[in-house]
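These are the residues of each chain, in order.
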Amino acid sequence: MEAADIDDLVVRVAEHLDGFRPLVRPGHPAYLIGPDEARLVVHPLWRQEGRVIVLGVYPDGSGVLFPDLRRHQITVTASRGAEHVARKIARRLLPGYLRDLAPCQERLSGRTTENTARADLVGTLRTLLPGVTVNEKQRETVVRWRLGAASGSFAVYGDTASTSIEVRMADRELTERVAYAIHDRFS
């Protein structure tokens, strides 16, 4: 199957799958976007004409944060039509995937005290600093920023009780502004 065939299939499957809509972009995998941020990606199976693989995808960074997440995927004969594919997804993939997706999203949403405090600090840093990139890990979040020659990083561990701050080549005003903002926000 070609990429255009997969895109067309995803659009037609979404018509038969309650609560799901297609997300088709040229040059990108085709997704079915469902309720509660459920995302299913559809790919052709290598060397198996007329068959596709459908994978349940967790939110970005979940695999690193929660390595115990189960992988949910099925293979389906797409040549039997979009309604057949939708039925197979609903019966074989969605029950387990949605069951495992809910606690993953709960943990990611910051409902625990640790994640809430860390998410608050990372959110504050995003608003204060230019050119921010965020890298989530199991028990730490690393925030890096750059403004011309000035750059820095913040490593926020666990419940933010311990945070490592590194600033390179920044002027005193920027360094003080960041330090005061973080101190005011979290003291």
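The structure we're discussing is the one just above.
Basis of the calculations
- Going along each chain's sequence as written, the residues are numbered from 1 onward.
- Given that this is a predicted model, residues contribute local features only at a pLDDT of at least 70 and side-chain atom pairs are listed and counted only at 80 or more, while totals for whole chains, interfaces and linings are drawn from all residues.
- For the side-chain quantities, the full set of heavy atoms in the structure was used; hydrogens and water were omitted.
- Here a strand is any run of E in DSSP of at least two residues, a helix any run of H or I of at least four, and the numbering for each starts at the N terminus.
- Buried means the residue's accessible area, taken with a 1.4 Å probe over protein chains only, is under 20% of the maximum for its type, while exposed means over 50%, and partly exposed covers the values in between.
- A helix's residues, less one, multiplied by 1.5 Å, set its expected span.
- Taking the helix axis as origin, the arc is that swept by the directions to the C-beta atoms.
- Pairs of strands are assigned from DSSP output, requiring at least two bridges between the strands.
- The axes are straight lines fitted to the C-alpha atoms, using for helices just the contacting stretch, and the angles between their N-to-C directions are given from 0 to 180°.
- Between two residues, a contact is recorded if the distance between any of their heavy atoms is within 4.5 Å.
- Just to be clear on terms, a salt bridge is a Lys or Arg side-chain nitrogen sitting within 4 Å of an Asp or Glu carboxyl oxygen.
- In plain words, nonpolar cores are sets of buried Ala, Val, Leu, Ile, Met, Phe, Trp, Tyr and Cys residues tied together by side-chain atoms within 4.5 Å.

**Q** Now, about the overall build of the chain: what can you tell me, with residues and values included?
**A** Within the chain, the secondary structure is distributed over 5 helices and 9 strands. Listing every helix and strand of the chain by position from the N terminus yields α-β-β-β-β-α-β-α-α-β-β-β-β-α. Taken over 187 residues, the chain has a buried fraction of 39%.

**Q** Account for helix α1 (residues 3–16), naming residues and giving values.
**A** Counted at 1.5 Å a residue, the expected span for α1 with its 14 residues is 20 Å, and the 20 Å between its end C-alpha atoms agrees. The set of residues buried in α1 consists of I6, D7, L9, V10, V13 and A14. Relative to the axis of α1, the buried residues are bounded by an arc of 160° and lie together on one face. Within α1, the exposed residues directed more than 90 degrees away from the buried face are A4 and E15.

**Q** Tell me about the environment of R99, residues and numbers included.
**A** With respect to the helices and strands, the residue R99 is situated in helix α3 (residues 82–108). Taking relative accessible area as the criterion, R99 reaches 48% and is therefore assigned partly exposed.

**Q** Give me the lowdown on the sheet that holds strand β2 (residues 30–33), citing residues and values where you can.
**A** Taken in spatial order, the 5 strands line up as β1-β2-β3-β4-β5 in an open sheet, and their pairing is antiparallel. Edge positions in the sheet fall to β1 (21–23) and β5 (72–77), since each has one partner strand and no second. Taken pair by pair, the neighbouring strands of this sheet meet at an average axis angle of 25°, ignoring direction. One ladder, built from 6 bridges, connects strand β3 (residues 39–44) with strand β4 (residues 51–57); its direction is antiparallel. By the bridge assignment, V41 is partnered in β4 with L55. Relative to the sheet, α1 contacts β1, β2, β3 and β4, its axis offset from that of β2 by approximately 10°.

**Q** Can you break down the pattern of salt bridges residue by residue, with the values?
**A** Pairs may arise between side chains of opposite charge once their charged atoms sit close together. Using the criterion set out here, one finds 3 salt bridges in the structure. Between R12 and D8 there is a salt bridge; the shortest N-O distance is 3.1 Å. In this pair, R12 and D8 are both assigned in helix α1, 4 residues apart and thus about one turn of the helix distant. On the basis of relative accessibility, which here comes to 33%, the residue R12 falls in the partly exposed class. Salt-bridge contacts for R99 lead to D100; the nearest nitrogen and oxygen are separated by 3.5 Å.

**Q** Please give an account of the side chain of S153 that cites residues and values.
**A** In this fold, S153 is placed in strand β8 (residues 150–157). For S153, the contacting residues outside a window of four places in its chain are V143, R144, W145, S164, I165, E166 and R168.

**Q** Describe the nonpolar core, listing the residues and the values that go with them.
**A** Of all hydrophobic cores here, the largest spans 28 residues; its most connected members are V13, L17, L32, L40, V52, V54 and I89. Broken down by secondary-structure element, the contributors of at least two residues to this core are α1, β2, β3, β4, β5 and α3.

**Q** Explain unusual backbone geometry residue by residue, including any values.
**A** Glycine aside, residues mostly have negative phi, and peptide bonds are mostly found in the trans state. Within the chain, D36 stands out as a residue other than glycine whose phi angle is a positive 55°. With respect to the secondary-structure elements, D36 resides in the loop between β2 and β3. With a relative accessible area of 62%, D36 lands in the exposed category. The phi angle at R47 is positive, at roughly 60°, despite the residue not being glycine. Assignment of secondary structure puts R47 in the loop between β3 and β4. Take R47: its relative accessible area is 75%, and that puts it in the exposed class.

Without other data, these values stay purely geometric and don't point to any function.
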